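In case you want the letters, here they are:
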Amino acid sequence: MSQLANLAVEGDPRLHEKEREIIENLSVDSPGTGTVRPQHRKLHDSSVTFEEYHHYAQLTRAEEEHLTTPENGILSIIFPSKSDGGIKQESDDTSKDASALNTSDPATRMTITDQEWTNASRALRTATRGAIFYLITTDILGPFGLPYAFATMGWGPGIALYTVFASLAGYSGYLLWDTFLGLDSYQFPLRSFGDMGFRLYGQWMRHLFNILQSIQLLLNVGLIVISNGEALSQAAKFKLCYIICCLVWALVGFFLGQVRTLQKFGWLANVAVWLNLLCMFVTMGGAAHSPPNYTAYTQSAGYTVGNGSSVTPVDGVFPAVMTTGGLPDAADFSASITGAMQAVFAYGGAMVFPEFMAEMKRPKDFLTGMWAAQAFIYFCYMMYGLFMYGYQGQYSINPTYLGISKYSIQTAGNVFAMLSGVIAAGLYGNIGVKVIYNNIFVEFFRCPPLTTKTGKFMWVALIPIYWAIAFVLAAGIPSFSGLTSVVAAFCILQFTYTFPPMLATLFWIRKYAMADGEGFDPSTGATVRHDKGLKRFVRGFKSMGTKRIIFSSFNLFYFLGALALAGLGAYSAITGLMAAYSGSVTTSFTCKSPLDS
């Protein structure tokens, strides 16, 4: 490592002047004999200080600059590398494969050398920013729920809110990226959103993040199973029992979920994005040349707004398609908030941004891939949402491809949507199982990592259990849009808009609170702090510079605003589900499809 730093300081042309200055001030020596090495600590050791995490993070970023090549140009995003061996292993002894060791066992960790420990971390980092672009845009629920959102909010409020959500989602991605780079290292790899909360706020925040993230991922998988079941029942002209249609996709997930690494999922995600676009074009063509699917009017946006009179037939005749510039029913604020939550769903990827960066060979490249993905989502989804709302108005269904009345077009859209949907579900299930396995099985039961032979067998066994639970939970809730609103309000909105400013602001305060003579000393293992408490907090805030102070002040209002919107969303979602349970709407445990009205 010291040789690496010397090379960097002597003038690696890829390093910026500020980065050289940081490296010059770093201690690059190996931990002293009297210190506790990173691999000898507990998996989530509260005695590790912020300064120690940040010290090793800077060393890792310097190594990445020297040993990896930056990804430049738009072609590397659109056409990601088919295979990547990850980061080069630095080791004098290649006889041991550290990634195959059971690092969950404290006794085994005591025998691992510094090189073996960091090599085990390097081996997991294989994803490129091109893979990240497709992973973020692998979203089946976002685009096809947006017309429903516009139908409950109208042209003006819908466009305005979706634009605001897009801008803030990009900003949140930047905050997570900046925080990740300052906390992640080969010595202390940051694997999840929960790890980020733990290193800044403590165990209670880690547990909160892990619970909410697990709920969201589980319900996301369930939602896609249900939406694909609806699509299959529609394609089969309702001749196949509806619950069997849903079960088919749960069984497909048992096999697709066996893909373990995100780099491999990147190519599946690539296919899913183009399938999504094909489905969007097919349904747009169908909406322009055929009337809405009136038989499914009880699932439409108009049915949830006001008293549902805008879609209820009179003497067998359905009302004409209509759109509104403002809220379709100003008195029914709850329905409009439910629609807004569908727009939030389009930006639910931030929940797994830390997991994506954790498997990148060069996390610094994540930012451009993320911004490219957010721009793609905004422009493509906006075009699709406005087009479909213009043609189907209050009859828009969530997901929208179920609202096409012409059978041939309807079936083509359903096929594309089902294929891209199951890939997206596979991605969500992949991250969901990793979160549960790493935070429950590894930590409490000392199960081996997933890179080991035993860990791979554990993965094979857990995947069908995970998909089965997701299917049962989602199938037991009668309102699809109500369920998506609950997930958006309680989970997606928090991870995309509430948590990032909260994490980044405290990270900046702690980072800039380190004065001269303070920090982590690797030779002694000691962290030096001259003060603590409120005084240190205030100094960190004042020392971060004008730009960061402005951002931090904005983050406070951003955080509070997101909490307020989450409260409104939770209220409207719960109200909608209560109405669904009290009405005649049944759960998915039936042979009759909800689209067959």
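Residues numbered from 1 in each chain as written. Predicted model: local features only at pLDDT ≥ 70, side-chain atom pairs only at ≥ 80, totals over all residues. Heavy atoms only, no water.

Peer 1: Looking at this structure, how should I read the overall build of the chain?
Peer 2: From N to C terminus, the chain includes 22 helices and two strands. Relative to its full complement of 597 residues, the chain shows a buried share of 57%. Split by element, the accessible area of the chain, about 23,500 Å² in all, is 66% carbon and sulfur. (Helix = DSSP H or I, 4+ residues; strand = E, 2+ residues; numbered from the N terminus. Buried < 20%, exposed > 50% of the residue type's maximum accessible area, 1.4 Å probe, protein only. Areas by Shrake-Rupley, 256 points an atom, 1.4 Å probe, with all protein chains shown as cover.)

Peer 1: Hey, could you run me through the side chain of Gln374 in this one?
Peer 2: Locating Gln374 in the fold gives a position in helix α17 (residues 366–392). Classification of Gln374 by relative accessible area gives buried; the value is 8%. Gln374 has contacts with Ala169, Gly170, Tyr347 and Phe353, leaving out every residue within four places of it along the chain. (Contact = heavy atoms within 4.5 Å.)

Peer 1: I tried to follow the nonpolar core on my own but got confused; where do I start?
Peer 2: If you look at soluble globular proteins, the nonpolar side chains tend to sit buried side by side. Core analysis: the largest hydrophobic core is formed by 146 residues, its most contacted members being Ile136, Tyr162, Tyr347, Phe353, Phe356, Phe366 and Tyr497. Those residues in contact with Tyr347, other than ones at most four positions away along the chain, are Tyr162, Phe165, Ala166, Ala169, Gln374, Ile377, Tyr378, Ile492, Thr496 and Tyr497. (Core = buried A, V, L, I, M, F, W, Y, C linked by side-chain atoms within 4.5 Å.)

Peer 1: Just to check I follow, could you spell out a nonpolar patch on the surface for this structure?
Peer 2: Together, Leu240, Ile244, Leu247, Val248, Leu251 and Val252 make up an exposed nonpolar region whose accessible area comes to about 410 Å². When you line up the elements, Val248 lands in helix α12 (residues 242–256). Judged by its relative accessible area of 33%, Val248 falls in the partly exposed class. (Patch = residues over 30% accessible without salt bridge, like charges linked within 9 Å, V, L, I, M, F, W, Y side chains within 5 Å. Salt bridge = Lys/Arg side-chain N within 4 Å of Asp/Glu carboxyl O.)

Peer 1: Please clarify how the pattern of salt bridges should be interpreted in this entry.
Peer 2: One side chain can pair with another of opposite charge once the charged atoms of both are near each other. Going through the model one piece at a time under the given rule, you end up with 17 salt bridges. Arg41 is the salt-bridge partner of Asp45, the closest N and O atoms lying 3.7 Å from each other. Each member of the pair, Asp45 together with Arg41, is buried. Here Arg125 makes a salt bridge to Asp184, at a shortest N to O gap of 2.9 Å. Residue Arg125 is found in the loop between α6 (114–123) and α7 (129–137), and its partner Asp184 is found in the loop between α9 (155–183) and α10 (193–201); the two are separated by 59 residues along the sequence. We note that Arg125, like Asp184, is buried. Each member of the salt-bridge network shares a partner with another, and the members are Glu51, Glu518, Arg529, Asp531, Arg536 and Arg539.

Peer 1: Got a minute to help me understand the environment of Val422 in this structure?
Peer 2: Relative to the helices and strands, Val422 resides in helix α18 (residues 407–445). On a C-alpha basis, the gap between Val422 and Leu256 in space is 8.2 Å, while along the polypeptide they are 166 residues apart. If we ignore the near neighbours within four places in the chain, the residues touching Val422 are Ile224, Asn228, Trp249, Val252, Leu256 and Trp467.

Peer 1: I would appreciate a short explanation of the packing of aromatic side chains in the present structure.
Peer 2: Centre-to-centre distance and the angle between the planes together describe a pair of aromatic rings. Using the criterion set out here, one finds 31 aromatic pairs in the structure. Aromatic pair Tyr174 and Trp177: ring centres 6.0 Å apart, planes at 35°, arrangement tilted. Placement of the pair is Tyr174 and Trp177 together in helix α9, with a separation of three residues, close to one helical turn. Judged by centre distance (5.0 Å) and plane angle (85°), the rings of Tyr294 and Tyr395 are edge-to-face. Residue Tyr294 is found in the loop between α13 (262–289) and α14 (301–304), and its partner Tyr395 is found in the loop between α17 and α18; the two are separated by 101 residues along the sequence. Among the aromatic residues, those joined into a cluster by ring pairs are Tyr171, Trp508, Phe551, Phe554 and Tyr558. Over the ring of Tyr407 we find Lys237; its NZ or CZ atom is 4.5 Å from the centre of that ring. (Phe/Tyr/Trp six-rings, centres within 6.5 Å; stacked < 30°, edge-to-face > 60°. Lys NZ or Arg CZ within 6 Å of the ring centre and 35° of its normal.)

Peer 1: Before we go on, may I ask you to explain the state of the cysteines in this structure?
Peer 2: Note on terminology: disulfide describes a covalent bond linking the sulfur atoms of two cysteines. Summed over the entire model, instances satisfying the criterion amount to one disulfide. Here Cys241 is linked by a disulfide to Cys591, with a sulfur-sulfur distance of 2.1 Å. Every disulfide takes its handedness from the sign of the S-S torsion; for Cys241 and Cys591 that torsion is -95°, giving left-handed. With Cys241 in the loop between α11 (203–235) and α12 and Cys591 in the segment after α22 (545–582), this residue pair connects regions lying 350 residues apart in the sequence. (Disulfide = S-S within 2.5 Å.)

Peer 1: What is the right way to read the confidence of the model for the chain from this model?
Peer 2: Reading fine detail from the predicted coordinates is not recommended where pLDDT is low. Averaged over every residue, the pLDDT of the chain is 80; residues scoring 70 or more account for 83%. Note that pLDDT drops below 50 for residues 1–20; the model gives that stretch 34 contacts with residues more than four away or on any other chain. Taken as a whole, residues 83–95 scores under 50 in pLDDT and shows 24 contacts with residues more than four places along the chain or in a different chain. (pLDDT = per-residue confidence, 0-100.)

Peer 1: What's the story with α7 in this structure? I'm lost.
Peer 2: In an α-helix, one turn spans 3.6 residues; hence positions three or four apart end up facing the same way. Of all nine residues in α7, nine are buried, a share of seventy percent or more. Within the sequence span of α7, burial applies to Arg129, Gly130, Ala131, Ile132, Phe133, Tyr134, Leu135, Ile136 and Thr137.

Peer 1: Would you explain α10 in this entry?
Peer 2: Of all the nine residues making up α10, eight are buried; the element is thus mostly covered by neighbouring parts of the structure. Those residues of α10 that sit buried are Phe193, Gly194, Asp195, Met196, Gly197, Phe198, Arg199 and Leu200. Just beyond α10, the residue with positive phi is Gly202, at close to 115°.

Peer 1: When you look at the packing of α9 against α17 in this model, what are you seeing that I'm missing?
Peer 2: Two numbers describe a pair of packed helices, the interaxial angle and the distance between the axes. Axis separation between α9 and α17 bottoms out at 10 Å; the angle between their running directions is 165°. If you check the angle between α9 and α17, you find them roughly antiparallel. α17 is crossed by α9, and the crossing has right-handed handedness. Judged by residue contacts, Trp155, Ile159, Tyr162, Thr163, Ala166, Ala169, Gly170, Gly173, Tyr174 and Trp177 of α9 engage Phe366, Leu367, Met370, Trp371, Gln374, Ile377, Tyr378, Tyr381, Met382, Leu386, Tyr389 and Gly390 from α17. (Axes fitted to C-alpha atoms, helices over the stretch in contact; angles between N-to-C directions. Parallel < 35°, antiparallel > 145°, perpendicular 65-115°, else oblique. Left-handed = near helix turned anticlockwise from the far one by under 90°.)

Peer 1: Looking at this model, I keep getting lost on the packing of α12 against α18. Mind explaining?
Peer 2: At their nearest, the axes of α12 and α18 sit 10 Å apart, and the two run at 55° to each other. It follows that α12 is oblique to α18 by the angle criterion. In this structure, α12 crosses over α18, and the sense of that crossing is right-handed. Contacts between α12 and α18 involve Trp249, Val252 and Leu256 on the former and, on the latter, Met418, Val422, Ile423 and Gly426. Of the residues in the contact of α12 with α18, the class split is six nonpolar, one polar and no charged. (Nonpolar A, V, L, I, M, F, W, Y, C, P; charged D, E, K, R; others polar.)

Peer 1: Just checking my understanding: could you explain unusual backbone geometry for this structure?
Peer 2: Of note, the bond from Asn398 into Pro399 is cis; its omega dihedral lies within 30 degrees of zero at 0°. Tracing the sequence through the fold places Pro399 in the loop between α17 and α18. You will see that Lys237, though not glycine, has its phi angle at about 55°, which is positive. Its location among the elements puts Lys237 in the loop between α11 and α12.

Peer 1: How should the environment of Ala358 be read in this particular structure?
Peer 2: Its place among the elements puts Ala358 in helix α16 (residues 353–358). The class of Ala358 is buried, set by a relative accessible area of 4%. Between the alpha carbons of Ala358 and Thr126 there is a distance of 9.5 Å; along the sequence they are 232 residues apart.

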